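Below, each chain spelled out in residue letters.
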Amino acid sequence: MRSIHFLGCFVLGAIAATAAACGGDDDSGAGGQGGAGGAGGATSSSSTTGGVTTTTSSGGEQGDQNDSIETAESIEIDGDGVQETLDPVDTDQDFYRFTGTQGQILYVTTDAKPEQDETDPTYPDLVVSLLDAQGNQIARNDDPPLGGGNDSRLITVLPADGDYYVVVEECTSALGPSSCAPAEDIENFDYAIGISSLDPAAADDDSLIEDKEPNDDETQALPLHYEALADDTGYYTTFLIGDFESATDVDVYSFTLPEAPAAEHGLKASFLLSAPPGAEGSGSTVDVSEIAVFDAADLTTPYAKVDPSKGGSIEVPVKAGEEAEYLVFVKRPQGEVGANDFYVLLHNRLDISGREAQESTNNDATTPEGDLYSFDIGGGGIAYTVDGEIAEGDAPDTDYYALPLPEGADATWKVSAFCGAQRHGSGLRELKVTLLNGDGTELGDGYTHTESEAADLEIVGKDLPATPAENRLIAMVSAGTPAADVTSRSYDCVFGFIPGN
């Protein structure tokens, strides 16, 4: 089941990168090369159902004939992928029909972007929607849950037996031009789509796990597993398919990260909901209100805790090996049981690229920590990453990091920063980042931002100073009073310099 893999690591604003821990291949059947498409000339009448326009053609030539529920093309679950063309690319909607059963777990995958650049704007940015037999939209996906590209990946659980429809369209058609890259830049109109069933009972690997009751406390915890990549450089994403059987159900899992391959700077564990619930997300009728991670040796206070309904996800440093067991508690909000109360958690073992190493000296702007882990980004830019900790003590801890400018950077370049603490499960609160000139002086409004439970810490596309002191900037990282009910004090940051237009 090689369609279950690490689809990507992160996409942060204008900074897109694939970390070294990413890997895997894809046998889902959705493949193929993009090619040039023609222009359509049909006229049609349309009606909108659940966010999707159901179109009935009234004549003229078209690139395909599957533009409505009535003319939907058959597609088989676990069958061959289908190759098609969006024509015209900014308005065409392609409909596919299949028959499914209640409780069936499906993974809809698409492929339009080229492998060498999964965000290439000359290829379609696909959106897939799932409709029920009456044409009502019940689920949708724009970009994959783990980032790294624009080809849609929808994971859902069918609510009933019967016929269903999948609609494939370009972002402009689905979400409107203000939310998408310009459709006029698209030169290659082809794509492929495939639908796979995910059956944990029949899976021949350890990367697909289904919630099994009873697992309501630590004594009943269901262990998570890991399947190594073919080259043993990492592991496939573990897909955890769960559901809440009652209004008070709590699901408990255990995990122990494998020690091999060794990670120079340590490991992080991540837990990410594949999508929010509802018709614009996974199709689930329930949200997950809390994911809490405990050290199995101490169940008094969670090590990490997050509310996914507010956009948070777990991403915290953890120990590895047989002696380092952790427990994960997944909770739902109060309320009535819905018709399809499922959730899909994606779990990963992540290498820490670079870790704070000079805690004793980096609390002063005159001695910022340097030599951060870096990687190149598009157009000659560079990004720096660090995982750190705001230590508790008699005096407030503030961490300073030196960010050298790339060679040739000038006043047209932009700087960005993306950091997480509370929204990654840490007990830090009000994580604050301020970008300073290289001599520690302030740069003015817009160069500082603070994280909250419901809002990411993002400083996006700010101008470089006219005269960067010492040919660098400095990042100042601090936080407010930490939470008493979460023990982790970790944070992670990405800082990036990108060329201007």
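Remember, predicted model here, so these are calculated numbers, not experimental data.

Draft legend 1. Looking closely at the state of the cysteines. Taken as a whole and judged by the stated rule, the model has two disulfides. Two residues share a disulfide in this structure: Cys-171 and Cys-180, whose sulfurs sit 2.0 Å from each other. Between Cys-171 and Cys-180 the disulfide shows an S-S torsion of about -75°. By sign, it is left-handed. Using a relative accessible area of 15% as the deciding quantity, one classes Cys-180 as buried. In this model, Cys-419 is linked to Cys-493 through a disulfide, with the two sulfur atoms separated by 2.1 Å.

Draft legend 2. Spotlight on the sheet that holds strand β30 (residues 457-463). Taken in spatial order, the five strands make up an open sheet running β24-β25-β32-β27-β30, and their pairing is antiparallel. Strands at the two margins of the open sheet, each flanked by one partner only, are β24 (373-377) and β30. For this sheet the average axis-to-axis angle between neighbouring strands, irrespective of direction, equals 15°. Pairing analysis gives seven bridges linking strand β27 (residues 414-420) to strand β32 (residues 490-498), with the strands arranged antiparallel. If you follow Lys-414 over to β32, its bridge partner there is Ile-498.

Draft legend 3. Looking closely at the packing of aromatic side chains. Under the criterion given, the structure shown has ten aromatic pairs. When the ring centre of Tyr-447 is taken as reference, the NZ or CZ atom of Lys-462 above it lies at 5.6 Å.

Draft legend 4. Molecular detail of the pattern of salt bridges. All chains considered together, the criterion is met by 13 salt bridges. Between Glu-280 and Arg-140 there is a salt bridge, with the nearest N and O atoms lying 3.8 Å from each other. Here Arg-140 lies in strand β10 (residues 137-141) and Glu-280 lies in the loop between β18 (267-273) and β19 (290-295), a separation of 140 residues in the sequence. Look at Glu-280 and you get exposed, because its relative accessible area is 51%. For Arg-140, a relative accessible area of 7% corresponds to the buried category. One network of salt bridges, in which partners are shared, links Arg-140, Glu-169 and Glu-280.

Draft legend 5. View of the sheet that holds strand β5 (residues 73-74). Spatially, five strands are ordered β5-β7-β12-β9-β10 in an open sheet, and the strand pairing comes out mixed. Strand pairing shows two members of the sheet lacking a second neighbour, β5 and β10, which therefore form its edges. Both strand β9 (residues 126-131) and strand β12 (residues 162-170) contribute to a ladder of six bridges, which runs antiparallel. Within β12, the residue paired with Leu-126 across the bridge is Glu-170.

Definitions and cut-offs
- For every chain, the first residue of the written sequence is number 1, and numbering continues from 1 along that sequence.
- For this predicted model, a pLDDT threshold of at least 70 governs which residues receive local features, and a threshold of 80 or more governs which side-chain atom pairs are given and counted, while totals over whole chains, interfaces and linings are taken from all residues.
- Side-chain calculation: all heavy atoms of the structure are included, whereas hydrogens and water are not.
- Disulfide: a pair of cysteine sulfur atoms within 2.5 Å of each other.
- Accessibility here uses a 1.4 Å probe with only protein chains present; expressed as a share of the type maximum, an area under 20% marks a residue as buried, one over 50% as exposed, and anything in between as partly exposed.
- When DSSP finds two or more bridges between two strands, those strands count as paired.
- Helix and strand assignments come from DSSP, with helices taken as H or I runs of at least 4 residues and strands as E runs of at least 2, each series counted from the N terminus.
- As a rule, the C-alpha atoms of each element are fitted with a line to give its axis, helices using only the stretch in contact, and angles between N-to-C directions run from 0 to 180 degrees.
- The criterion for an aromatic pair is that two Phe, Tyr or Trp rings (for Trp, the six-membered ring) have centres within 6.5 Å, with stacked assigned to planes under 30 degrees apart, edge-to-face to planes over 60 apart and tilted to the rest.
- Look at NZ for Lys and CZ for Arg. If either is within 6 Å of the ring centre and within 35 degrees of the ring normal, a charge sits over the ring.
- Here, a salt bridge means any side-chain nitrogen of Lys or Arg that lies within 4 Å of a carboxyl oxygen of Asp or Glu.

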